[in-house]
Amino acid sequence: MSEQPVLSVSDFVAVLNLTLEYAYPKVTIMGELANFKVSKGRWVYFDLKDEQASVRFFGTVYNLPGPLKDGMKLQVSGTPRLHSQFGFSVGVQHIQLVGEGSIKKAAELLKAKLQAEGLFNSERKRQLPYPPTKIGLVASSESAAYADFIKIINNRWHGVDILLANVQVQGEVAPQQISEAIEKLNTSGDLDVIVVTRGGGSTDDLQTFSTEKVVRAIAGSRTPTLVAIGHEIDLSLAELAADMSASTPSNAAELLVPDQKDVLRELTTNLETSGRQLTSYIERLQQTLVSQLTTTEGHTFRTIESQQKEVYLLTQLAQGYDPKRILRRGYAWIRSGDTVITSVKQLERGSKMTARFVDGLAMTTVDSVKRYTSK
Amino acid sequence: MAKAKTYKELRQELDEVLTWFEDDSMDVDEAIEKFQLAIKLTKELEDYLHNAKNTVKKLTNKA
């Protein structure tokens, strides 16, 4: 019978870790969260337990999907290890929430935290260019969501360049892939918008879109974002952080680009409207010209009429001065030699006068002169 | 050769012309000129919408 080797404590720890590394390079354990603690804002300690057992875990805050609370059901992947001083623990690689209750509770906690930071504030929302010419698309190229999005874009609009970042949209690697894709697209040229989309799924499938990593990547995107997750109830936190959200991938495409048929109709209508405006303007011009001409004509007519009246009056006046007209009324024109007699002062007894009537002359001698006495 | 105008550029130009027609104090010669420009831009936009293509490229270095 072979003897058991005697190991030093350090050797035992090293051998056990080698064995664990070989036998269980990675384990995934599901249980209820207990004794959750964050130390110095960086290190995370917690236990997962069930009715009979409890296992210690150790990780960093970067492994967390968001704020956690004791009692939540988690599925944690990691590496089991015996620490030389602190004993056995599983080094956390990935934490996934399990069950609708835990997922919703975690989402509520994260929502409250990010809301307090202002990540969902309406004043942060930016206007999306309409229609965009360059779209960054974060989706799984194998998904129906991707196919629907592309189909609707192609049906509605032309002239769009789409840069696809093919990612997994659920599972352990999804949050990291999605956040990296958003960052890469932000540095991949002048995109007008980044669309993050996937189809519907269970609460469990969709939890990627309520993880802190994804939500912060969307909120921090320098390019405006549109998030479309195909589900009806409860918006994901990614949708709350986006500049715009859509109910489905197809709806996202509809919000992004107009229907070409509508635009072509609008172009025709606009041209017709401008044509009518131009015609109406020319008609108004014509009316103005006619009106001005009528005014000028009226003025000319009135001027002529007034001048005609003036001529008539002058004629009447002139006729009043006609000597024959006066003589006809019984007056006579008296002269003495070449002098026209206009006053009795010019006469004396015996003065010779010629009185001209309308029809002849009478030569007379003055018998006497009597002058009126003025009062 | 001058670079072809984008939809956005053509649309902006057309919208400016159409807005010009909203103003009552237009000049008739200019109005006719603008209307001809509106016809030209509309035709260019229609051509653009009929002929432009959508493209999909994959982002390299898979995320």
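The sections below set out a description of the structure shown in this document. Small disclaimer: the values here were computed from a predicted structure and weren't measured.

Details of the pairing of strand 9 (residues 225-229) of chain A
All names here are of chain A.
1) Next: Of all the five residues making up strand 9, five are buried; the element is thus mostly covered by neighbouring parts of the structure.
2) Next: Here strand 9 shows no split at all, with Thr-225, Val-227 and Ile-229 on one side and Leu-226 and Ala-228 on the other all buried.
3) Next: Here strand 9 runs beside strand 10 (residues 244-246); their pairing, made up of three bridges, is parallel. Looking across to strand 10, one finds that Ala-228 is bridged to Ala-246.

What about the packing of aromatic side chains?
1) Next: One pass over the structure, following the stated rule, counts eight aromatic pairs over all chains.
2) Next: Seen in terms of ring centroids, A:Trp43 and A:Phe58 are 5.8 Å apart; in terms of plane orientation they differ by 20°. Their pairing is stacked. In this pair, A:Trp43 is assigned in strand 2 (residues 43-49) and A:Phe58 in strand 3 (residues 54-60), connecting sequence segments 15 residues apart.
3) Next: Exposure remark for A:Trp43: the relative accessible area of 29% places this residue in the partly exposed category.
4) Next: On the basis of relative accessibility, which here comes to 33%, the residue A:Phe58 falls in the partly exposed class.
5) Next: Consider the rings of B:Trp20 and B:Phe21, whose centres lie 5.4 Å apart with planes at 85°: the pair is edge-to-face. Here B:Trp20 matches B:Phe21 in class, with each residue buried.
6) Next: Ring pairs connect the aromatic residues A:Phe36, A:Phe46 and A:Phe57, which therefore count as one cluster.
7) Next: Of note, A:Lys37 hangs over the ring of A:Tyr45, and the distance from its end group to the ring centre comes to 5.8 Å.
8) Next: Here the basic side chain of A:Arg335 rests over the ring of A:Trp333, its NZ or CZ set 5.4 Å away from the ring centre.

Brief notes about the side chain of A:Ser274
1) Next: Mapped onto the fold, A:Ser274 is located in helix 9 (residues 260-320).
2) Next: Beyond its immediate chain neighbours, meaning those up to four positions away, A:Ser274 contacts B:Leu18, B:Phe21 and B:Phe35.

Focus: the nonpolar core
1) Next: Residues A:Ile135, A:Leu137, A:Phe149 and A:Leu256 are the most contacted members of the largest nonpolar core, which totals 44 residues.
2) Next: If you tally residues by element for this core, the top one is helix 2 (residues 28-51) of chain B, at seven residues.
3) Next: Each residue touching A:Leu137, except ones within four places of it in the same chain, is listed here: A:Tyr146, A:Phe149, A:Ile150, A:Ile162, A:Leu163, A:Leu164, A:Ala165, A:Leu185, A:Val195 and A:Thr197.
4) Next: Of all hydrophobic cores here, the second largest spans 31 residues; its members include A:Val138, A:Leu163, A:Val169 and A:Ile229.

A short note on the pattern of salt bridges
Residues and elements named next belong to chain A.
1) Next: Evaluated as defined, the whole model comprises 16 salt bridges over all chains.
2) Next: Between Arg-56 and Asp-47 there is a salt bridge, with the nearest N and O atoms lying 2.9 Å from each other.
3) Next: For Asp-47, a relative accessible area of 9% translates into the label buried.
4) Next: Put simply, Asp-262 and Arg-265 hold a salt bridge, and the shortest N to O gap is 2.6 Å. Highlighted residues: Asp-262 and Arg-265, both in helix 9, separated by three residues, approximately one helical turn.
5) Next: Taking relative accessible area as the criterion, Arg-265 reaches 52% and is therefore assigned exposed.

A closer look at the packing of helix 3 (residues 144-156) of chain A against helix 8 (residues 249-256) of chain A
Helix-helix packing: each pair is described by the crossing angle between the helix axes and the interaxial distance.
Residues and elements named next belong to chain A.
1) Next: In the contact formed by helix 3 and helix 8, the axes pass within 8 Å of each other and the chain directions differ by 30°. If you check the angle between helix 3 and helix 8, you find them roughly parallel. Like other packed secondary-structure pairs, helix 3 and helix 8 cross with a definite hand, here right-handed. Together, Ala-145, Asp-148, Phe-149, Ile-152, Ile-153 and Arg-156 of helix 3 and Pro-249, Ser-250, Ala-252, Ala-253, Glu-254 and Leu-256 of helix 8 make up the contact between the two elements.

Regarding the sheet that holds strand 11 (residues 333-336) of chain A
Two pairing modes exist for strands in a sheet, parallel and antiparallel, and in both the strands are linked by backbone hydrogen bonds.
1) Next: Taken in spatial order, the four strands line up as 12-11-13-14 (chain A) in an open sheet, and their pairing is antiparallel. Every other strand in the sheet has two partners, leaving strand 12 (339-340) and strand 14 (360-365) of chain A as the edge strands with one partner each.

Focus: helix 4 (residues 174-186) of chain A
Residue and element names in this part refer to chain A.
1) Next: Over its 13 residues, helix 4 runs 18 Å from end to end, which matches the ideal 18 Å to within 8%, given 1.5 Å per residue.
2) Next: Residues of helix 4 that are buried include every one of Ala-174, Pro-175, Gln-177, Ile-178, Ser-179, Ala-181, Ile-182, Leu-185 and Asn-186, and no others.
3) Next: If you follow the buried residues of helix 4, they end up packed against strand 6 (134-139), strand 7 (161-166), strand 8 (193-198) and helix 6 (212-219).

A word on the side chain of A:Thr223
All names here are of chain A.
1) Next: Topologically, Thr-223 is positioned in the loop between helix 6 and strand 9.
2) Next: Thr-223 gets classed as buried once you look at its relative accessible area, which sits at 8%.
3) Next: Thr-223 has contacts with Arg-126, Asn-186, Leu-191, Asp-192, Val-193 and Ile-194, leaving out every residue within four places of it along the chain.

Criteria and cut-off values
Residues numbered from 1 in each chain as written. Chains lettered and ligands numbered in written order. Predicted model: local features only at pLDDT ≥ 70, side-chain atom pairs only at ≥ 80, totals over all residues. Heavy atoms only, no water. Buried < 20%, exposed > 50% of the residue type's maximum accessible area, 1.4 Å probe, protein only. Helix = DSSP H or I, 4+ residues; strand = E, 2+ residues; numbered from the N terminus. Pairing = 2+ DSSP bridges. Phe/Tyr/Trp six-rings, centres within 6.5 Å; stacked < 30°, edge-to-face > 60°. Lys NZ or Arg CZ within 6 Å of the ring centre and 35° of its normal. Contact = heavy atoms within 4.5 Å. Core = buried A, V, L, I, M, F, W, Y, C linked by side-chain atoms within 4.5 Å. Salt bridge = Lys/Arg side-chain N within 4 Å of Asp/Glu carboxyl O. Axes fitted to C-alpha atoms, helices over the stretch in contact; angles between N-to-C directions. Parallel < 35°, antiparallel > 145°, perpendicular 65-115°, else oblique. Left-handed = near helix turned anticlockwise from the far one by under 90°. Expected span 1.5 Å × (residues − 1).

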